[in-house]
Structures are given as structure tokens and as C-alpha cells.
Amino acid sequence: MTFPIIPMADWVNSFVDWLMLTFSAFFDGISFVINVVLSGIESLLLWCPWWIVILAFGLLAWRVARWRVAIFVVLGFFFMGTLGVWDRAMETLALIATAVLISVAFAIPMGIWAARSNTVEKTLRPILDAMQTMPAFVYLIPAIMFFGIGKVPGVIATVIFAMPPGVRLTNLGIRQVPVDVVEAGKAFGSTSRQLLFKIQIPMAIPTIMAGVNQTIMMALSMAVIGAIIGAGGLGYEVYHGISRIDVGRGFIGGISIVIIAMILDRLTGAMGKPRRRKALAE
Amino acid sequence: MSSNNIKISCQNLWKIFGPHPEKVISFCTDGLSKENIFQNTGCIVAVSDVSLEVPEGEVFVIMGLSGSGKSTLLRCINRLVEPTQGEIFIDGEPMSSLNEKKLIQVRRKKLGMVFQHFGLLPHRRVIDNVVYGLEVQGMDKAERAERALKTLDLVGLSGWEESYPDQLSGGMQQRVGLARALVIEPDILLMDEPFSALDPLIRRQMQDEFIKLQKVLGKTVIFITHDLIEALKLGKHIAVMKDGQIIQIGTPQDIVTKPADEYVADFVRDVPTGKVLQAGNIVEEPSQLATMDQEPEVVLSTMEAKAVENLFVVDSEHKLKGLVMMADVAEAVHRGATNLNGIIKADPAVTEADRPIEQLIPMAVASDIPIAVVDQQKRLLGVVSRVSLLSHIGTSEVADR
């Protein structure tokens, strides 16, 4: 007596085949757009001399945060250069930037939508839960299926994995705006669009930025996993280190990822805080 | 001054929160209690059959404890809360007939609102908070900034326009809230416990300033409070609410002297009536008066008959001329004078009818002669004796006797 076998694998395969045939133009389009954005950012970062990139990030940090953060950013980048992984780091940065841009472009509107409708929120919640609890490796499978091997599927897998906190925190941020402030907005005759853009979103910015910050961290954690399917970058160093049992190389890749994570965390953290002039009288 | 036009009128207004609110109204009219209805239907009756009229230019106070439905009632007026049944008219126009667009227009032009917890936008500077109502109307930047500065000056916040709300004290934040409401030049101010979140000292100061401001602006104000003293101080009329219903509507003096039921009586028990009651409320008919043309002999015999030591003297138009003392009258009779000229003391203690009786105490202490109450034309309305003053001072429990 043997188990009756459900031919699940066959079904899935033929469904995917059908999808790829029917929507090939669609997947090609996505692939093309991601490629353009990704290679644009990557070539810019690699084309610029390293000291210009460092200077630019240092200036950005100085503008949005305090000078101590700026110094940290400059030293961090310089250190990665001295480890000999500059090009790899720029590849990772480009991949993260692309994935985060796409994630945020979807996450914020979805979060807003969820905040304005309980039905949408209820529908989205289990989907987001599933997206976040699923082991990150699982996302590699559909990514490979639809987009093959390389950087584009790496971006796709990263986007899926990194998007949920952006949606959640945007939704939360808008829902947390105090009732009396929303009431005030309505009482003075705001349209719902004015209410959204003049009151709800500005007041939700710190929370939304926390979501963006989370998205970036999730994306970075995908950097190593993405390397398995050929996303390159620092993840490749780590992956290479594992497969060749080259601990030193793996360590350099790992520490560089940590440095990038810290830099991006400080930068986005500072962007979430409202900047204001000193009080006139204190 | 205020005319008698009805600015806002509520007619049989109901607001019920919960599933199938329409059905619940019939339960209410059948006399089921709120608790009963909540247990059986899960609905909360917030406003129950409220009707009221607010004349133009008047401060109308709605007073009740938390949960009495007063804030819900206020929000029904600008439809932040949609009434379940009944109608609200502003300038005779039914609010329920407005579509979304027109409702927004009415809110922008006619209704200013002030909130208990200020409801300021923390990410905007004071001036950007104040211009909010003008900004959503699409007014140009220079004009709205100019109006905002003027309004900030009016509420005493000049120089603070660049600050952020959290850099201001509570009292100042509420001034910003008030300025934001006033800047749109609304006919109507809806004030939802605007001073309740402030310290007692600041609260009193804000009340006084509000009274001053209102004298100049003459807005129609609906003012919500849970504080009876505040209600009595600010309101021309007060509606007392309990469990979503209005129990009594009346002037502050009505509420204190003629509470409609035990609940209101309980409320006003500890009210210092000396602040609320006015001379006109406790005035008594003088037992006897003298007129200018009376002969001293006649006056003397009246005094003896009534056993009084003094009489107020009025002229033919009932205007108060002064007071005569028995000794002086007797002396005039002895002298053979034919009228009261020369013996009238021109300066008895006099008060206007709208003076709080508390302020009569020093006069009553200074002399045992009753205090004369006169109207604006100096006509004598009556007198306030020491006894009646004493019996009305203190809490209303004493006044009830």
C-alpha cells in the first residue's frame, strides 16, 4: 500500500510555464525597468572616483544629520575601500537602493490605502504576515523561475522580502495621527486629499521613515541570500567565503555589509526626525 | 448688539452609535433606559431627542458630565458626526441637505472650532497652524499670512508665529487654537471644552479674555463644558445635559434659582450664588416710598405707621432722588416746611440691577439702610435689604432655605 501521490510539483511547474508563456512580455518589461534603474545607479557609483562618492555621502549625512554621523559615514566608506571590496560594496549599494526604491514606491501607497480602509487592512494583514514569516530563501524560487539568474531576480526577491514593514508602518503611522488633529482638519473644511497630504502624511513621517529604515535593513539581510542566485556584491564575498571555507574573505564581506547597514540606518534614522529651528524663547 | 435671529437650531436630534441605530430610537421613545438598550442592542444612545435654539451673537453653553453626549451634540452641528435622526439648521438652512462639497464650504466659511486638547499640527509653526483654514480654501500666501498675524495679535500671541506648538504652554497653545478658528472669520464658534485642559489659574484668565474678545467680536458661540462655574460665567443661556438629553435650558440665574430637577439642583448646590445672582434677582418691593411733593407731615405719619426709620424718595417719573431720615422729617414738620426739599440725603447706596450680589456686601456692611436698585434711567426698581442679601449669599442650598 503506497500513498496516493498528488502531482503538486507537476501542477506548479505547468502553471509557471503557462504564466511565463502568457505574460512573457510583462516579465520582460519588469526585467527591463529594473535593469535600467539598477545598472544606472551601479554604473554611476562605479564610474565616480571613490573619493567623490565618499564626499557625496558625507555631505548628505551632514545635511540630514549631525556632523558626527557625517564623520562616521566618511570613515565607514573609506574603511571598506581599504578592505579592497569597494566595487563589491557599490554593487550592493546599487542593488539595495533599487530594491528599496521599488519597495517604498509600492509600500507607501499600499500603507495609505490600508490606513483609509479597514477592509483593505484586514485583507493585507495575512498577506504581509505570510511575506514576512516565509523563509527568505523561498523567494528565490519564483524569482529564478520568472527572471532567471542574475541581479534582477535578486532585486525582485529583495523587494518582496523588504516591502512588508514599509506597508505596515505607513498604515500604523497614519492611523496613529491623533483623532482631535484629524477632526480639526475636517472641521476647517479639508477635503480628504488635503487631510491626507497636509495632516496625516506629515504627521506620520517619523513612523513611515521607521518603515523605510526597516525596509533597508531587511533588504541588506537579503544581500547574502541574493548572492546565491547571482546578485553579486558583498553577498558574493560571503557566499564565496562559505563555499571555499575562506573565513577571511567571508569576514570582510560580512563586516562590510554591517558597515553599510549602520550607515544607511543612521542616515534614514536622521531623516525621520523632524528638523526645526531652535525655539525663539526658551 | 445681538438681535433675536435664531442662528443655530436643533430639532429633535438623535445620535445613536452602533448597529441599526434607527430601530433604537423607538426603544428610547418607549421609555427603555440607556443601559437596557445597550445590553439588548449594543447601541449607545449619545444624543437623545435634543431641541434647542441659539440666537445670533450669543454664547450658548452646553454643560454636562463626561458621557452626557455634549461633545457628540457639538459634532453633529458641523457633521463631524452624522446625526441619526432630526435636523440642524444654520441660518435656517438644514445641514443634512448639504452634499460633501457644500458641507466643506460651510465648514470653511461659517464654522470655527476649538478643541479640548487643542488639535494643533505639531509639524507646523504657530503661524502655519493659524492659516490652515485659509490654506485649504486656497487663499494666496501673502493674504493669509497677513490675516494670521492680525489674528495672532488679537489673541495676544504676537511674536510667537515662528514657534512650534510644543514650545508653547497649554494656555498659549489654546490661543493658537482660538486664532485658527477666528482667522476664517466664522459666524459661529464651536468650542469643545476649550479651557478644560488648562490649569485653574490660566483657565480663569482665558475665560476673562474670552469674555472681552466676545464683547468685541459678537460671534455666535456654542461652548461645551463640564464645569458649572465656567458655564455660569460665560453663558447667556445654559443647557444642562444628562444621558444625552437636555434637562434644562435657561439663563445662569434660572439654573441656580430654579433648577428643573434633583440632578440640576445637585449640580448647583455648591455654587457660590453671590457670583451668579444679580441685584435684580433678589430685589424686593420697598414697603413704602415718599415722593418729592409730599408734605413732611404725611411722610412722617407713613414712617410711623410702617415703623421704619427712613424712606426712599422718588420723583414723578419714579426716578430715585434720595432718602429721608425720620429725625430730619420730624424736624421739618416742627419747622413747618411744606415739602421735603433740603432734608433729602442725595447719596444712598445705589446699585444697578445686573451687579452680582457678592459686590453688594461692602455696601450692606457700611450702612443698615437698604440698598436701592435702579435701572439705567435711574428709576427705582426696588431695594435689597441686608436680610435678603444674607439669605442669598453663600451656596444655593442656603438660598433654597
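Residues numbered from 1 in each chain as written. Chains lettered and ligands numbered in written order. Predicted model: local features only at pLDDT ≥ 70, side-chain atom pairs only at ≥ 80, totals over all residues.

**Considerations on the overall build of chain A**
Part 1 of the reasoning: Regarding its fold elements, chain A presents 12 helices and zero strands.
Part 2 of the reasoning: Helices and strands appear in chain A in the N-to-C order α-α-α-α-α-α-α-α-α-α-α-α.
Part 3 of the reasoning: When the backbone C-alpha atoms are referred to their principal axes, chain A occupies close to 75 × 55 × 35 Å.
Part 4 of the reasoning: When each of the 282 residues of chain A is scored for burial, the buried share is 41%. (Helix = DSSP H or I, 4+ residues; strand = E, 2+ residues; numbered from the N terminus. Buried ≥ 20, exposed ≤ 12 C-beta atoms within 10 Å, placed from the backbone.)

**A word on the packing of helix α7 (residues 140-147) of chain A against helix α8 (residues 151-175) of chain A**
Residue and element names in this part refer to chain A.
Part 1 of the reasoning: Packing of α7 against α8 leaves a shortest axis separation of 9 Å and a crossing angle of 140 degrees. Taken together, the axes of α7 and α8 lie oblique to each other. The hand of the α7/α8 crossing is right-handed. Two secondary-structure elements touch here, α7 through L140, A143, I144 and F147 and α8 through V152, P153, I156 and A157.
Part 2 of the reasoning: Looking at the contact of α7 with α8 residue by residue, the classes come out as eight nonpolar, no polar and no charged. (Axes fitted to C-alpha atoms, helices over the stretch in contact; angles between N-to-C directions. Parallel < 35°, antiparallel > 145°, perpendicular 65-115°, else oblique. Left-handed = near helix turned anticlockwise from the far one by under 90°. Contact = placed C-beta atoms within 7 Å. Nonpolar A, V, L, I, M, F, W, Y, C, P; charged D, E, K, R; others polar.)

**Remarks on the sheet that holds strand β10 (residues 245-250) of chain B**
Strand pairing in a sheet relies on backbone hydrogen bonds. The paired strands run either parallel or antiparallel.
All names here are of chain B.
Part 1 of the reasoning: Read from one edge of the open sheet, six strands run β6-β7-β8-β3-β9-β10, paired in mixed fashion. Of all strands in the sheet, those with a lone pairing partner are β6 (111-114) and β10, marking the two edges. Taken over all neighbouring pairs, the strand axes of this sheet differ in orientation by 15 degrees on average, direction set aside.
Part 2 of the reasoning: Seen against the sheet, helix α8 (residues 170-182) touches β6 and β7 (188-192) and runs at an angle of roughly 170 degrees to β6. (Pairing = 2+ DSSP bridges.)

**Quick word on the sheet that holds strand β13 (residues 320-325) of chain B**
All names here are of chain B.
Part 1 of the reasoning: Spatially, three strands are ordered β11-β12-β13 in an open sheet, and the strand pairing comes out mixed. With partners counted over all chains shown, the strands left at the sheet margins are β11 (289-291) and β13, one partner each. When strand polarity is set aside, the average angle formed by the axes of neighbouring strands in this sheet is 35 degrees.
Part 2 of the reasoning: The pairing of β11 with strand β12 (residues 310-314) spans three bridges and is classified as parallel. Along β12, the bridge assignment pairs A290 with V313.
Part 3 of the reasoning: Running at roughly 80 degrees to β13, helix α16 (residues 326-335) makes contact with β12 and β13 of the sheet.

**Digging into the packing of helix α2 (residues 24-47) of chain A against α8 of chain A**
Residue and element names in this part refer to chain A.
Part 1 of the reasoning: Running from amino to carboxyl end, α2 crosses α8 at an angle of 95 degrees, the nearest separation of the two axes being 10 Å. One way to sum up the angle between α2 and α8 is to call them roughly perpendicular. Contacts between α2 and α8 involve S31, I34, N35 and L38 from the first element and K151, V152 and V155 from the second.
Part 2 of the reasoning: Here the contact of α2 with α8 is composed, by residue class, of four nonpolar, two polar and one charged.

**Focus on the interface of chain A and chain B**
Part 1 of the reasoning: Of the residues lining the interface, 18 residues belong to chain A; the matching set on chain B comes to 20 residues.
Part 2 of the reasoning: Within the residue set of the side of chain A that touches chain B, elements represented by two or more residues are α9 (179-187) and α10 (192-227) of chain A.
Part 3 of the reasoning: Looking at the side of chain A that touches chain B element by element, the count peaks at six residues for α9 of chain A.

**Here we look at the confidence of the model for chain A**
All names here are of chain A.
Part 1 of the reasoning: Counting all residues, the mean pLDDT for chain A is 88, and 97% of those residues have values of 70 or more.
Part 2 of the reasoning: Mean pLDDT per element in chain A: α7 is the minimum at 83, and helix α5 (residues 86-116) is the maximum at 93.
Part 3 of the reasoning: Within the model, pLDDT remains below 50 along residues 277-282, and this stretch shows four contacts once partners closer than five positions in the same chain are excluded. (pLDDT = per-residue confidence, 0-100.)

**Things to note about the environment of A184 of chain A**
Part 1 of the reasoning: Mapped onto the fold, A184 of chain A is located in helix α9.
Part 2 of the reasoning: Once the C-alpha coordinates of A184 of chain A and L195 of chain A are considered, the two residues, 11 residues apart in sequence, prove to be 9.7 Å apart.
Part 3 of the reasoning: The contacts of A184 of chain A, once residues within four sequence positions are left out, are M113, F115 and G119 of chain B.

**Here we look at the pairing of β7 of chain B**
On a regular strand, each side chain points to the face opposite its neighbour's, so the side chains alternate between the two faces of the sheet.
Residues and elements named next belong to chain B.
Part 1 of the reasoning: Of all five residues making up β7, five are buried, and the element is well covered by its neighbours.
Part 2 of the reasoning: Going residue by residue along β7, you find I188, L190 and D192 tucked away on one face and L189 and M191 tucked away on the opposite face as well.
Part 3 of the reasoning: Summarising the sheet, β6 and β7 pair through four bridges and their orientation is parallel. Across the sheet, residue G112 finds its bridge partner in β7, namely L189.
Part 4 of the reasoning: Inspection of the sheet shows β7 paired to strand β8 (residues 220-225) by five bridges, in the parallel sense. Residue pairing for β8: M191 is matched across the bridge by F223.

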